[in-house]
Amino acid sequence: MKIKTRNKIHRLLGIIASLLVMSPTFVAATSTEYAYVTNEKDDNISVIDLDTQQVIKEISVGQRPRGIIFNDQQSLAYICASDSDRIQILDLDTEEIIGELPSGEDPETIALHPNGKIIYTSNEDDAILTVIDIESSLVITQIDVGVEPEGLAVSSNGEIVVVTSETTNMVHWIDTKTNKIIANTLVGARPRSAQFTQDNKLLWVSSEIGGSVVVIDVDSKKIVKEFNFKIHGIHRDRVQPVGIELSHDGHYAFVALGPANHVAVINRQTMAIEKYLLVGRRVWQLALTEDQTKLLTTNGISGDVSIIDIAKMKVIKSIKVGRFPWGIAIKHAKN
Amino acid sequence: MALSIKDQSINIEPIEVKISYLKLQNQQGPALSNVIKTPNDSGYQGSRLAINDSNTTGKFLHQHFSLTQFEFKTTPDLLQHLTQAFNQGESIFVLNAPLATLKQINIWAQNKDILLFNISEFSDLLRNTECLTTFLHTAPSYAMKTDALAQWLLYRRLTKVLLISGKKPVDIAIATSFKRSAKRYGLKIIAEKHWSFDTDLRRSAQQEVPLFTQTSKEYDVIYVADHTKDFAQYIPFNTYLPRPVVGSAGLEALSWHRVIEQWGAAQLQTRFNKLTARYMNEIDFGGYLAIRSIAQAVHKTHSTSAKIIENYLRSTDFELAAYKGRKLSFRSWNGQLRMPMALVHPQGLVSQSPQAGFLHPRTDLDTLGFDKKESQCKLH
């Protein structure tokens, strides 16, 4: 008797699920997310519909687009067009470039202050962090940092911005009120990405050539944990951590391992590496969907995006995009 | 918790690091293909850029690096300056000088608390038999270059080689190096020819070279050993059989070239162009690597002592990020910096060695050049 009921319910659920799948308009209206991927060598952006998991269009932008972020309303995208020496503003509704911000030379990555008014960008060629007021389009200040500044992160309380410098091998901690460096932490060779945890107590930093990821205590600015990665059959020199993504529930940290072509899955409760997932070649940056069920990776050399199902911890799809996909941002569903 | 990254806390006592760049002016003989010249300040400009980069980092650590350049006409002049500077307390020197000069310096420097870098001499002798115990080499050896090419030739199944070399001792040395690589990787040298023309080939290469490259057996590829590029540039496209040319012309194995752009190299190339209004070459890169190695050691140890810096550089803790996509370190047995080699033609990057699949128990970078068991150098 019991079993029968369960079977009935299963069948019913199956019908509902297939109805959901078969009715695209219904899905699109409520839950479609779009991934925007910058193609470094094609000077454009591929837009992926995450329901159909297909590229639906390409948008031309400036030369060598890399870092990309959205404003809070997700109506605009800010894109570092590195070789055009500017940050372009893309209107996500009309898909037109509607303006530019004065970025300084060779902007690579970009971060938005939680107040939505200030943008930070790292100028890789000039060893400078540029602070830009969005409304007036004016440079507020430029801060001298180490050689080849790269990874940027702003704490969610808006108090601190950090920048990593690739050749100086440091994390520079900057007070957002005074725009002055308050501390420097030496890390492994060629630091790339930095990410604050939700509670702003810890900062995760990847070192590409050092082959490590460190977790730094924000109060003391000291390294409290170091991860080194071991993948069977891949020489440790080829394991080069770049992009980091922390899940909002505090459970996982994902680390893109560059030419090792894998993403490391770290359990943040046990602080142990749980798994390595094979993705495309030279995996760069990562982005989680809003509901945290899927992780997307940009794979530079193979020119595609891998989609990882978090519940299954499996790569479920790879999608061909342009040449050298680099940055990625996900536009959430409209509620 | 055991952390491999030490010195997180930053010492604030300021230190000044003085480095001298010593160059012996080279008297190069006339070359037939003298169209493209190597800039005279090669090496120095790369070192200068590294000083700028190191000072950017240094300002956060209260460390300052300075570089002074000296040029000499003769080895005794250079040695005299070196002795004086050392007696006045200087201990870090970057050398752009040939084999004979380096050997004399090495004899003088025995048992001295001194740090010396060879940024320009590729000779295999210095890495194998006549080991310079007081030097670290940031210039690759000929063996690293010929191994890099031999791996690629094997990968491409171009295994039958016609070897052409010039008459100068250095050309013979390069040819010898290639023969070692050919043996190591199972390539077959089907014929060996020595270039002995003394006419100006600029106008007659099209007639002469096809005859010169005619052999009784077929070849897949031609290896040219011609250090000064006296004739090498006239071999490609003029060969009897339509075959690729590698070595001193065509496809070259270099530690640096202007076409390298991956792994952040684009940024280094841009900084170099801005500083010098020219392209960065292999000798510049040797200078860059030497200064960056010194600076990296000073950042980590916060010391100006030549001994402490050298111990750190020779230790397994040292790893240098140098726009090659790999961490570089010094070989303990002969002081050679291990690094990938770029395989380039004048306008583009073709490949990077070590090639995939050439394995080594320590690191595949040690498939290039003299390995521990092979080298007679036993420094450590």
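Residues numbered from 1 in each chain as written. Chains lettered and ligands numbered in written order. Predicted model: local features only at pLDDT ≥ 70, side-chain atom pairs only at ≥ 80, totals over all residues.

Asker: Any chance you could explain the packing of helix H9 (residues 282–301) of chain B against helix H10 (residues 306–314) of chain B here in plain terms?
Answerer: When two helices pack together, their arrangement is given by the angle between the helix axes and by the axis-to-axis distance. All names here are of chain B. Between H9 and H10, whose axes approach to 9 Å, the crossing angle comes to 105°. One element, H9, and the other, H10, form an angle in the roughly perpendicular class. Mapping the contact onto sequence places Ser293, Ile294, Ala297, Val298, Lys300 and Thr301 in H9 and Ile308, Ile309, Tyr312 and Leu313 in H10. Tallied by class, residues from the contact of H9 with H10 come to seven nonpolar, two polar and one charged. (Axes fitted to C-alpha atoms, helices over the stretch in contact; angles between N-to-C directions. Helix = DSSP H or I, 4+ residues; strand = E, 2+ residues; numbered from the N terminus. Parallel < 35°, antiparallel > 145°, perpendicular 65-115°, else oblique. Contact = placed C-beta atoms within 7 Å. Nonpolar A, V, L, I, M, F, W, Y, C, P; charged D, E, K, R; others polar.)

Asker: I would appreciate a short explanation of the environment of Glu33(A) in the present structure.
Answerer: All names here are of chain A. Along the chain, Glu33 turns up in the loop between helix H2 (24–31) and strand S1 (34–39). Given 18 C-beta atoms within a 10 Å radius, Glu33 is considered partly exposed. Put simply, Glu33 and Lys334 are 301 residues apart on the chain and 8.4 Å apart in space, counted from C-alpha to C-alpha. Here Glu33 is in contact with Leu50, Thr289, Glu290, Ile330, Lys331, His332 and Ala333, once residues within four sequence places are set aside. (Buried ≥ 20, exposed ≤ 12 C-beta atoms within 10 Å, placed from the backbone.)

Asker: Teacher, can you tell me more about the domain arrangement of chain B here?
Answerer: When the parts come together, some accessible area is lost, and that loss is often what is quoted as the size of the interface. In terms of domain boundaries, chain B breaks down into domain 1 (15–140 + 256–339) and domain 2 (143–253). Once you take the C-alpha centre of each, domain 1 of chain B and domain 2 of chain B turn out to be 30 Å apart. (Domains from an automatic or database assignment.)

Asker: Please explain the pairing of strand S8 (residues 221–225) of chain B as it appears in this structure.
Answerer: Regular strands have side chains that alternate between both faces of the sheet. Residues and elements named next belong to chain B. The element S8 is extensively covered by neighbouring structure, given that five of its five residues are classed as buried. Here S8 shows no split at all, with Val221, Tyr223 and Ala225 on one side and Ile222 and Val224 on the other all buried. Of the strand pairs in this sheet, strand S6 (residues 160–165) and S8 are connected by five bridges, and their pairing is parallel. Following the sheet pairing, Leu162 is matched in S8 by Ile222. (Pairing = 2+ DSSP bridges.)

Asker: Hey, could you run me through the packing of helix H2 (residues 75–87) of chain B against helix H3 (residues 99–109) of chain B in this one?
Answerer: Residues and elements named next belong to chain B. Between H2 and H3, the least distance of the axes is 10 Å, while the angle of their chain directions is 35°. Pair H2 / H3 crosses with right-handed handedness. Judged by residue contacts, Thr75, Leu78, Leu79 and Leu82 of H2 engage Ala100, Thr101, Gln104, Ile105 and Trp108 from H3. The class makeup of the residues in the contact of H2 with H3 is six nonpolar, three polar and no charged. (Left-handed = near helix turned anticlockwise from the far one by under 90°.)

Asker: Would you mind going over the pairing of strand S16 (residues 191–196) of chain A with me for this structure?
Answerer: All names here are of chain A. Burial analysis of S16 places five of its six residues in the buried class, the great majority of the element. Judged from the four bridges that link them, S16 and strand S17 (residues 202–207) form a sheet pairing that is antiparallel. Looking across to S17, one finds that Phe196 is bridged to Leu203. As consecutive antiparallel partners, S16 and S17 are separated by five residues, and within that stretch Asn200 has a phi angle of approximately 60°, a positive value.

Asker: For this particular structure, what's the right way to read helix H6 (residues 169–185) of chain B?
Answerer: Side chains that are three or four residues apart share a direction in an α-helix, a result of its 3.6 residues per turn. Residues and elements named next belong to chain B. Here H6 is 17 residues long and its end C-alpha atoms lie 24 Å apart, about the 24 Å a rise of 1.5 Å per residue gives. If you check which residues of H6 are buried, you get Asp171, Ile174, Ala175, Ser177, Phe178, Ser181 and Ala182. For H6, the angular spread of the buried residues around the axis is 155°, confining them to a single face. Of the residues in H6, the exposed ones pointing more than 90 degrees away from the buried face are Pro169 and Lys183. Check the buried side of H6 and you find it contacts helix H5 (142–155), S6, strand S7 (188–194) and S8. Looking one or two residues past H6, Gly186 carries a phi angle of roughly 70°, positive in sign. (Expected span 1.5 Å × (residues − 1). Arc of directions from axis to C-beta.)

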